[in-house]
Amino acid sequence: MKITSARIIVCSPGRNFVTLKIETDEGLTGIGDATLNGRELSVASYLQDHVIPCLIGRDPHQIEDIWQYLYRGAYWRRGPITMTAIAAVDTALWDIKAKAAGLPLYQLLGGKSRTGVMVYGHANGSDIEHTVDEVLRYADMGYKAIRAQSGVPGIDKVYGVGRGTMFYEPADADLPSEHDWSTEKYLRHTPKLFAAIREKLGWDHHLLHDVHHRLTPIEAARLGKDLEPYRLFWMEDATPAENQEAFKLIRQHTTTPLAVGEIFNTIWDCKDLIENQLIDFIRTTVVHAGGISHLRRIADLAALYQVRTGSHGATDLSPVCMGAALHFDLWVPNFGIQEYMKHTDETDAVFPHAYTFKEGFMYPGDVPGHGVDVDETIAKKYPYQRAYLPVNRQQHDGTLWNW
Ligand code: GCO
Ligand code: MG
């Protein structure tokens with residue numbers, strides 16, 4: 001089999017998505033997600049201008065060789081743009097291989113390790129009462145694991161608080177919108193939120209929380225300690241992870257489990273955190289960490305240290321990523337949980353898919369490949385719209401902070 005052509009489909013059915021489609025001389029096609037929120041066109045250009053010319057004529061079955069060729073061959077290693085582009089190629093090639101075999105992708109990875117993929121949904125509210133109601137609503141929808149984020153009194157715009165009832169889209173403006181931040185207010189509020197949730201919800205559901213890189217290590221240690229009575233499944237991105245030593249300090253103070261890695265793009269970003277057992281869940285995902293081939297290496301390293309997977313799955317990761325991720329999750333031995341935010345109906349129409357949700361679990365389906373397609377005719381109705389993620393400033397003096 002030979003790759004005869006490849007193209008990029010950029011569309012914006014409510015938000016931007018970049019999709020790579022690879023075609024072969026045997027009529028089989030495969031698709032991969034290449035969406036990097038707020039920097040979409042850089043990946044599209046990287047693929048179009050620098051990767052696609054190198055793919056034509058290659059045997060799509062040689063997934064590993066093509067991966068190494070793109071990774072080593074660029075000379076410039078790692079980074080979100082490069083690794084998202086490689087991921088798109090890798091995902092599309094796994095799709096083709098599985099279609100050629102007539103098997104759902106998870107069978108090629110080693111088959112099912114579990115009956116379904118436990119996912120967590122997002123309960124977001126403007127205040128504690130509203131968030132508690134949202135958590136209860138997610139429990140009613142069947143979710144076994146729920147992430148809770150709430151507005152904080154005295155802070156105008158807080159990460160994770162949605163505009164609609166099901167969808168949270170942070171990339172909301174054609175220039176970055178500005179959020180405000182107060183660590184003191186957040187740290188006073190968040191333990192009260194989880195106390196209120198546990199009181200109404202009880203103890204049968206997993207609860208998660210995303211700090212979204214906002215705290216210093218010692219502040220994160222304090223929050224982890226304060227949340228211990230509510231037995232969180234995880235506290236996510238408690239502090240920025242460039243300095244991974246920082247997690248030692250958090251770890252020494254709290255037994256609240258820690259999750260990190262949605263912005264990581266290679267195993268090298270994960271290595272120290274995993275080998276020093278500073279985290280419990282690794283959040284790298286198919287689209288931003290080099291595809292199925294590379295994610296598998298990260299998961300294998302993590303397994304040595306009893307670190308489990310918990311892949312990122314916000315709506316800026318397209319249904320193509322979600323489909324591929326669910327095959328991965330069904331197989332990976334050290335699976336922990338998968339994030340799931342429902343896409344809009346417009347997005348689902350552009351990306352018809354075989355995966356389903358039932359009672360808090362997801363299933364990738366059994367069609368050959370990863371089970372997600374792209375309808376290019378519908379996609380054309382939604383041209384690219386520039387959209388940025390927000391920036392964040394300290395409330396008291398306007399210092400730029402981590403969003
Ligand atoms: C999450 C993430 C997202 C990111 C978003 C950025 O845990 O789901 O933190 O909400 O902010 O994916 O593009
Ligand atoms: Mg997050």
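Look a little higher up for the structure.
Here goes a summary of the coordinates provided.

Read across the open sheet, the three strands follow the order 6-15-16; overall the sheet is mixed. Among the strands making up the open sheet, the edge pair consists of strand 6 (178-181) and strand 16 (400-401). Where strand 15 (residues 391-394) lies against strand 16, two bridges are found, and the strand directions are antiparallel. Its bridge partner lying in strand 16, arginine 393 is registered against leucine 400.

A word on the pattern of salt bridges. Where side chains of opposite charge bring their charged atoms close, a pairing between them can arise. Within this structure, the stated rule accounts for 20 salt bridges. Here aspartate 269 ties to arginine 78 by a salt bridge, and the two come within 3.1 Å at their closest N and O atoms. Here aspartate 269 is found in helix 9 (residues 267-275), whereas its partner arginine 78 is found in the loop between helix 2 (63-73) and helix 3 (80-101), with 191 residues between them in sequence. Residue classification places arginine 78 among the partly exposed residues on the basis of a relative accessible area of 33%. One salt bridge connects arginine 283 with glutamate 339, and the closest N-O pair in it is separated by 2.9 Å. Placement of arginine 283 in the loop between strand 10 (281-282) and helix 10 (291-304) and of glutamate 339 in strand 12 (residues 335-339) is noted, with a sequence separation of 56 residues between them. Across the pair, exposure class does not vary: arginine 283 and glutamate 339 are buried alike. A cluster of three or more residues bridged by salt bridges with shared partners is formed by Arg7, Lys21, Glu23 and Glu376.

Turning to the sheet that holds strand 2 (residues 17-24), a few remarks are in order. With antiparallel pairing, the three strands of this open sheet are ordered in space as 1-2-3. The strands lining the two open edges of the sheet, one partner per strand, are strand 1 (3-11) and strand 3 (29-33). Averaged over all pairs of adjacent strands, the angle between their axes in this sheet comes to 20 degrees, without regard to strand direction. When strand 2 meets strand 3, the two strands line up antiparallel, connected through five bridges. Note that in strand 3 the partner of leucine 20 across the bridge is glycine 32.

Each angle at a metal carrying four tetrahedral donors should ideally be 109.5 degrees, and each at a metal carrying six octahedral donors should ideally be 90 or 180 degrees. Bound to the magnesium ion (ligand 2) are the protein donor atoms Asp210 (OD), Glu236 (OE) and Glu262 (OE), situated 1.9 to 2.2 Å from the metal. Within one chain, the residues donating to the magnesium ion (ligand 2) are spaced in sequence as D-x25-E-x25-E. Placement of the pair is aspartate 210 in strand 7 (residues 206-210) and glutamate 262 in the loop between strand 9 (258-260) and helix 9, with a sequence separation of 52 residues. For aspartate 210, a relative accessible area of 2% corresponds to the buried category.

Turning to helix 7 (residues 217-227), a few remarks are in order. For helix 7, the full list of buried residues reads Ala220, Ala221, Leu223, Gly224 and Leu227. Buried residues along helix 7 cover an arc of 165 degrees about the axis, so they all sit on one side.

Before going further, it helps to spend a moment on the site of ligand 1. Contacts to ligand 1 come from 15 residues, most closely from Tyr159, His212, Glu262, Asp316 and Glu339. Separating an oxygen atom of ligand 1 from a side-chain N or O atom of asparagine 37 is a distance of 2.9 Å. Contact distances for ligand 1 include 3.1 Å between an oxygen atom and a side-chain N or O atom of arginine 283. In the complex, the protein chains occlude 95% of the 340 Å² of accessible area that ligand 1 would expose alone. When the residues that make up the shell around ligand 1 are grouped by side-chain class, the tally is four nonpolar, four polar and seven charged.

Let's shift gears to the environment of histidine 205. Assignment of secondary structure puts histidine 205 in the loop between helix 6 (183-201) and strand 7. Ignoring anything within four residues of it in the chain, the contact list for histidine 205 reads Ala139, Tyr143, Lys144, Ile146 and Arg198. One polar contact links the side chain of histidine 205 to the main-chain carbonyl oxygen of tyrosine 143, over a distance of 3.3 Å.

Along the chain, the position of serine 311 falls in strand 11 (residues 308-311). The exposure class assigned to serine 311 is buried, which follows from its relative accessible area of 2%. Of note is the side chain of serine 311, whose polar atom sits 2.9 Å from the backbone oxygen of threonine 284. Here serine 311 is in contact with Ile282, Arg283, Thr284, Thr285, Leu295, Ile337, Gln338 and Glu339, once residues within four sequence places are set aside.

It is worth spelling out the packing of helix 10 against helix 11 (residues 319-331) at this point. Helix-helix packing is described using two parameters, namely the angle between the two axes and the distance between the axes. It is the contact of helix 10 with helix 11, at a shortest axis distance of 11 Å, that shows an interaxial angle of 35 degrees. In the packing of helix 10 onto helix 11, the handedness of the crossing is right-handed. Across the interface between the two elements, Ile292, Leu295, Arg296 and Ala299 of helix 10 pack against Ala324, Phe328 and Trp331 of helix 11. Of the residues assigned to the contact of helix 10 with helix 11, the class counts are six nonpolar, no polar and one charged.

Criteria and thresholds
- Residues numbered from 1 in each chain as written.
- Chains lettered and ligands numbered in written order.
- Predicted model: local features only at pLDDT ≥ 70, side-chain atom pairs only at ≥ 80, totals over all residues.
- Heavy atoms only, no water.
- Pairing = 2+ DSSP bridges.
- Helix = DSSP H or I, 4+ residues; strand = E, 2+ residues; numbered from the N terminus.
- Salt bridge = Lys/Arg side-chain N within 4 Å of Asp/Glu carboxyl O.
- Buried < 20%, exposed > 50% of the residue type's maximum accessible area, 1.4 Å probe, protein only.
- Axes fitted to C-alpha atoms, helices over the stretch in contact; angles between N-to-C directions.
- Donors = N, O, S within 2.8 Å, 3.2 Å for Na, K, Ca; no water.
- Arc of directions from axis to C-beta.
- Near = heavy atom within 4 Å.
- Polar contact = N/O pair within 3.5 Å; in protein donor to acceptor, adjacent residues only side chain to side chain.
- Areas by Shrake-Rupley, 256 points an atom, 1.4 Å probe, with all protein chains shown as cover.
- Nonpolar A, V, L, I, M, F, W, Y, C, P; charged D, E, K, R; others polar.
- Contact = heavy atoms within 4.5 Å.
- Left-handed = near helix turned anticlockwise from the far one by under 90°.

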